[in-house]
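Residues per chain, in single letters:
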Amino acid sequence: MDMVTVAVNVETTCGTCRMPMPVNTLAREVGCPSCGRSTAIGEDLWQALLRDPIYDGPKMLQNEGRRTSAGKLSASYVRRGPCCHGCDKEIPVASIQEVRQQAMLGCDACSVRTWVRAVPAELARALPNVTHLAGEDPDPTAVAPGPEAEPATFPCPQCGSPVPFDGTNRACTCRFCSASVHVPDQFVHRGRRKVAARWFLCFDASIADDAPSAQAVAAGLFDWKEPPLAAVDAEGNLYCAATQAHWVPVEGKFPREKDDHVLWSITPSMDVRWLQRGLSRAVHLALSPRGTLLVTGRGKADRPWLSTKTGLPVQEADGTVREISGHLLAGQDLACDHDGCLLIMKDGVVLWLSPGGADLPERRDAAAALAGARRVHRGWDGLLYGLTTGKIVRLDASGGRSHEMKLASEDQDSQYSALGVDAGGNAYVLGSKELVRISATGEQSVILMSKRDKLPRSGMRMAVHPDGSFWLFGEGGAAWKFDASAALVFASEKEPRPPKPTSTDVFQAQMAATKARLLAEHEERSRLTSEELAAEKRKQRPAEVALLVAIALFLVLGLVAVFLM
């Protein structure tokens, strides 16, 4: 039977130097890699932080990720199998289950060792149903010490020679020019920065019996208020950023509706690849051919590039997260070029930025050719397209305007809002009443029409695959997939969905839970009262016995006195 495992990444901020501090082990005290000071983490704080991963983690979908926080700690957690930190190869569950106390498991692919320990007795109460902890920073008393790191150096500001320093004493002297050198804090912190590594909570194998389905419709992913932002990669994997609404209980009141902003990816066979919850509301979604994904939204200054494989932020070699400034991404549309650069439509002007957010002046001519466009899109054919009112502008590989196609719509009132291009250069333009396909040579055909096909509808969104198949998304969780001939191959409305609790269902469940809690509290009070009465009686019993003995003794003495008289 398989073991359910949940990966957690925990971070905090050092109270001394205020630098981000990874917490890569379940310990009462963690040292800061920047300043070396220790930070205490109490048992109550650990219990509060791990409550959601322990109780919700086994119920989540495979590769579903969420976030939680408690006090000064923050954590992200994902339901996934245990893996090696070196090469990401999965660690056999049987190897973990064989560990009786603690052990170092070596990876047969990269030789990196993973520390595994059975949950100690003092943590059993805080980690119910968890049998092992895997992937933590090793206990230095449990493993042999590794080789010492090379001494850090800082370039002398006078002669440029490397000045060694120990990371503690910032005042050094250059051995070549004898200049006094002060090593800045930023350099020390950067040199000492430690990556927040995932470690795993391994649950008892019986938990796997209740593991949820990983099929997208059965998992309830096709549940949104407004049409989601969407994209399709070359393998046919679908990426969606959507807003889901659900009712949450409120103590003593009627449930309130809460929005949950989610980002997920599914395979062509509709199996869930990964799922991220608790995000900010998405505004734009751009898929890069470099295997990364950028989702812009409100409420965050910087936006991280995400991995298309996991949905998690992409980390550089030094452990930092690759981010781009949020204010640069605020525009009417966002697209990603074939080399990972970004095209941002802002106030009728196209800005061309590097993946890190730097301006690219050498591409301003190409950007100027798209001035006035409402939508910008990099097609699977490698060319750049812009959608303006009633026409499409196509740019060649060098960025020059090569073709302009006027939309010969049968319905002049149709408002075109989405654009997609397949690998053959066929452009798909989505309006409120029709979907038009324009070939690379300019021939136009209406492949879907509201009057004829009941699709499209106003406000829909679209995602086009390289082979010419495409997705359409409507309100209320509605989604349709068509092949290259525009034949319907999937409709979410025809698939069985899990029942969604109504406000009444949540209220009744809340009332039932409150009733059960009050009944349990009443029974507990009754039990305690009974125990208190019994204890009081036990306390009174010696006094009663003593009184009876005294009475008996008095009577005996009285009888003796009468007899002597």
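This write-up is about the structure you can find in this document. (Residues numbered from 1 in each chain as written. Predicted model: local features only at pLDDT ≥ 70, side-chain atom pairs only at ≥ 80, totals over all residues. Heavy atoms only, no water.)

Re the layout of surface pockets
Now for step 1: In this structure, the second largest pocket spans a volume of roughly 750 Å³.
Now for step 2: If you trace the second largest pocket, you find 29 residues lining it, with A219, G220, D223, Q244 and R277 closest to the centre.
Now for step 3: Listed by contribution, the elements that provide at least two residues to the lining of the second largest pocket are β5 (64-70) and β16 (238-250).
Now for step 4: Of all the elements, β16 adds the most residues to the lining of the second largest pocket, at four residues.
Now for step 5: Class assignment for the residues of the lining of the second largest pocket results in 14 nonpolar, six polar and nine charged. (1 Å grid on protein atoms, 1.4 Å probe; cavity = no way out; pocket = protein on both sides within 12 Å on 5 of 7 lines; lining within 4 Å. Points joined across faces, edges and corners; volume = space filled by probe spheres on them. Helix = DSSP H or I, 4+ residues; strand = E, 2+ residues; numbered from the N terminus. Nonpolar A, V, L, I, M, F, W, Y, C, P; charged D, E, K, R; others polar.)

Thoughts on the sheet that holds strand β19 (residues 282-288)
Now for step 1: Read from one edge of the open sheet, four strands run β19-β20-β21-β22, paired in antiparallel fashion. This sheet does not close on itself; its edge strands, each paired only once, are β19 and β22 (323-325). Averaged over neighbouring strand pairs, the angle between their axes works out to 25 degrees when direction is ignored.
Now for step 2: Pairing analysis gives three bridges linking strand β20 (residues 292-297) to strand β21 (residues 302-307), with the strands arranged antiparallel. Bridge assignment links T292 to a residue of β21, and that residue is S307. (Pairing = 2+ DSSP bridges. Axes fitted to C-alpha atoms, helices over the stretch in contact; angles between N-to-C directions.)

Focus: the packing of aromatic side chains
Each pair of aromatic rings is reported with the distance of its centres and the angle of its planes.
Now for step 1: Tallying each qualifying case throughout the model produces twelve aromatic pairs.
Now for step 2: Here the aromatic rings of F222 and F490 are separated by 5.7 Å at their centres, their planes lie at 55 degrees, and the arrangement is tilted. Of this pair, F222 sits in the loop between β14 (199-203) and β15 (229-232) while F490 is found in strand β37 (residues 488-491), placing the two residues 268 residues apart along the sequence.
Now for step 3: With 5.2 Å between their ring centres and 35 degrees between their planes, F254 and F507 make a pair best called tilted. With F254 in strand β17 (residues 253-266) and F507 in helix α6 (residues 503-564), this residue pair connects regions lying 253 residues apart in the sequence.
Now for step 4: Classification of F507 as partly exposed rests on a relative accessible area of 27%.
Now for step 5: Here a set of aromatic residues connected by ring pairs shows up, and it is made of F222, W224, W264, W471, F473 and F490. (Phe/Tyr/Trp six-rings, centres within 6.5 Å; stacked < 30°, edge-to-face > 60°. Buried < 20%, exposed > 50% of the residue type's maximum accessible area, 1.4 Å probe, protein only.)

Some points on helix α1 (residues 43-55)
Now for step 1: Here α1 is 13 residues long and its end C-alpha atoms lie 17 Å apart, about the 18 Å a rise of 1.5 Å per residue gives.
Now for step 2: Along α1, the sharpest kink reaches roughly 35 degrees, centred on L49 and followed within four residues by the proline P53.
Now for step 3: Buried within α1 we find L45, W46, L49, L50, P53 and I54.
Now for step 4: On the buried face of α1, the contacting elements are β1 (5-13), β5, β6 (73-79) and β14. (Expected span 1.5 Å × (residues − 1). Bend = angle between axes of the 7 residues up to and from the residue. Contact = heavy atoms within 4.5 Å.)

Remarks on the pattern of salt bridges
Now for step 1: Enumeration over the complete set of coordinates arrives at 16 salt bridges.
Now for step 2: Close ionic contact of E64 with R277 constitutes a salt bridge, the shortest N to O distance being 2.9 Å. Pair noted here: E64 is in strand β5 and R277 is in strand β18 (residues 272-279), with a separation of 213 residues, a long-range link.
Now for step 3: Residue class for E64 comes out buried when judged on its relative accessible area of 3%.
Now for step 4: Classification of R277 as buried rests on a relative accessible area of 17%. (Salt bridge = Lys/Arg side-chain N within 4 Å of Asp/Glu carboxyl O.)

Concerning the side chain of D333
Now for step 1: Considering the arrangement of structural elements, one finds D333 in strand β23 (residues 333-336).
Now for step 2: No salt bridge is formed by the buried D333; the nearest opposite charge belongs to R375, separated by 4.4 Å.
Now for step 3: Within the structure, the side chain of D333 is placed 2.9 Å from the backbone nitrogen of V376, a separation counted as a polar contact.
Now for step 4: Setting aside residues no more than four positions away along its own chain, D333 makes contact with H284, L343, I344, M345, R374, R375 and V376. (Lys, Arg positive; Asp, Glu negative; His and termini not counted. Polar contact = N/O pair within 3.5 Å; in protein donor to acceptor, adjacent residues only side chain to side chain.)

A few points about unusual backbone geometry
Now for step 1: Across the junction of L455 and P456, the peptide omega takes the value 0 degrees, indicating a cis bond.
Now for step 2: Here P456 is to be found in the loop between α5 (450-453) and β34 (461-464).
Now for step 3: Positive phi, close to 70 degrees, is recorded for D88, a residue that is not glycine.
Now for step 4: Checked against the element boundaries, D88 lands in the loop between β6 and α2 (93-97).
Now for step 5: Residue K454 is not a glycine yet carries a positive backbone phi of 65 degrees.

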